[in-house]
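For reference, the chains in residue letters:
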Amino acid sequence: MRLSRVYLILFSFALMMVSCDSNRVFDEYKSVPNVWHKDSIASFKINPPDSINPYNLFVNLRNTNVYKYNNLILIVEMVFPHGKTIADTLEYKMADPSGKLLGTGLTDIKENKLWYKEGVVFKEVGEYTFNIQHAMRENGKVNGVVELEGVTDVGFRIEKP
């Protein structure tokens with residue numbers, strides 16, 4: 001009896017947390033096994049709710065203290081329903097000057113909500129694909145980082161402004 005009350009309270013709390021996020025249109029994560037290989041692409045397929053309203057787009061990232069860089073370089077592709085592709089190379093700050101990782105979270109896993117695009121109107125009807133891969137480089141080295149450690153999940157989010 002007592003255990004069922006605890007579950008009911010936890011379920012109610014979880015429901016409140018989810019329902020409070022009224023701006024969310026799409027929010028999904030892909031897990032990264034052990035390391036994020038430079039050729040590994042996190043893909044998200046989305047059918048936007050309309051072709052009139054603007055939306056804000058974000059890349060979400062979860063990382064642990066194993067992440068050893070103060071920045072993150074990503075290549076994000078937006079593939080339109082009729083085949084047109086827009087690719088952006090983006091750089092994000094991941095640590096403060098002292099080396100402390102940025103992001104939210106009380107444990108050693110930090111969550112970062114990174115701006116991608118603002119005020120996007122999905123004018124073409126149909127399925128859009130968003131591809132995300134890392135393009136990390138170490139200072140003074142020509143070749144990129146092949147296996148990026150410390151990233152546990154890559155996500156994509158669409159919100160109402």
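What you see is a predicted model; the values in this text were computed from it and never measured.

### Focus: the sheet that holds strand S1 (residues 24–31)
Sheets are built from strands paired through backbone hydrogen bonds, the pairs being either parallel or antiparallel.
Part 1 of the reasoning: If you walk across this open sheet you meet the four strands as S1-S10-S4-S7, and the pairing is antiparallel. In this open sheet, the two strands that pair with only one neighbour each are S1 and strand S7 (110–121). Averaged over neighbouring strand pairs, the angle between their axes works out to 15 degrees when direction is ignored.
Part 2 of the reasoning: Taken together, the seven bridges between S1 and strand S10 (residues 151–159) define a ladder with antiparallel strand orientation. Across the sheet, the residue bridging to Arg-24 is Glu-159, located in S10.

### Points about the pattern of salt bridges
Part 1 of the reasoning: With the rule as written, the count across this model stands at eight salt bridges.
Part 2 of the reasoning: The residue Lys-117 makes a salt bridge to Asp-88 at a minimum N-O spacing of 3.1 Å. Within this pair, whereas Lys-117 is found in strand S7, its partner Asp-88 is found in strand S6 (residues 85–93), the two being separated by 29 residues in sequence.
Part 3 of the reasoning: A network of salt bridges, in which partner residues are shared, links Asp-27, Lys-113, Arg-157 and Glu-159.

### Some words on the packing of aromatic side chains
For any pair of aromatic rings, geometry is given as the distance between the ring centres together with the angle between the planes.
Part 1 of the reasoning: Summed over the entire model, instances satisfying the criterion amount to nine aromatic pairs.
Part 2 of the reasoning: Plain terms: the ring middles of Tyr-55 and Phe-122 are 6.1 Å apart, the flat faces sit at 35 degrees to each other, and that makes the pair tilted. One end of the pair, Tyr-55, is in strand S4 (residues 54–63); the other, Phe-122, is in the loop between S7 and strand S8 (128–134), with 67 residues separating them in the sequence.
Part 3 of the reasoning: Seen from their ring centres, Phe-122 and Tyr-128 are 4.9 Å apart, and the 70 degrees between their planes marks the pair as edge-to-face. In terms of burial, Phe-122 and Tyr-128 fall into one category: buried.
Part 4 of the reasoning: By the ring-pair criterion, three or more aromatic residues cluster together here, those being Phe-44, Tyr-116, Phe-130 and Phe-156.

### Side note on the sheet that holds strand S3 (residues 42–46)
Part 1 of the reasoning: The antiparallel open sheet is built from four strands, whose spatial order is S3-S8-S5-S6. Two strands bound the open sheet, and with one partner strand each, they are S3 and S6. Looking at each pair of strands side by side, their axes are set apart by 20 degrees on average, direction ignored.
Part 2 of the reasoning: Bridge count between S3 and S8: five bridges; the pairing is antiparallel. Paired with Lys-45 across the bridge in S8 is Thr-129.

Cut-offs used in this document
- Residues numbered from 1 in each chain as written.
- Predicted model: local features only at pLDDT ≥ 70, side-chain atom pairs only at ≥ 80, totals over all residues.
- Heavy atoms only, no water.
- Pairing = 2+ DSSP bridges.
- Helix = DSSP H or I, 4+ residues; strand = E, 2+ residues; numbered from the N terminus.
- Axes fitted to C-alpha atoms, helices over the stretch in contact; angles between N-to-C directions.
- Salt bridge = Lys/Arg side-chain N within 4 Å of Asp/Glu carboxyl O.
- Phe/Tyr/Trp six-rings, centres within 6.5 Å; stacked < 30°, edge-to-face > 60°.
- Buried < 20%, exposed > 50% of the residue type's maximum accessible area, 1.4 Å probe, protein only.

Geometric descriptors of this kind do not, in isolation, establish any biological role.
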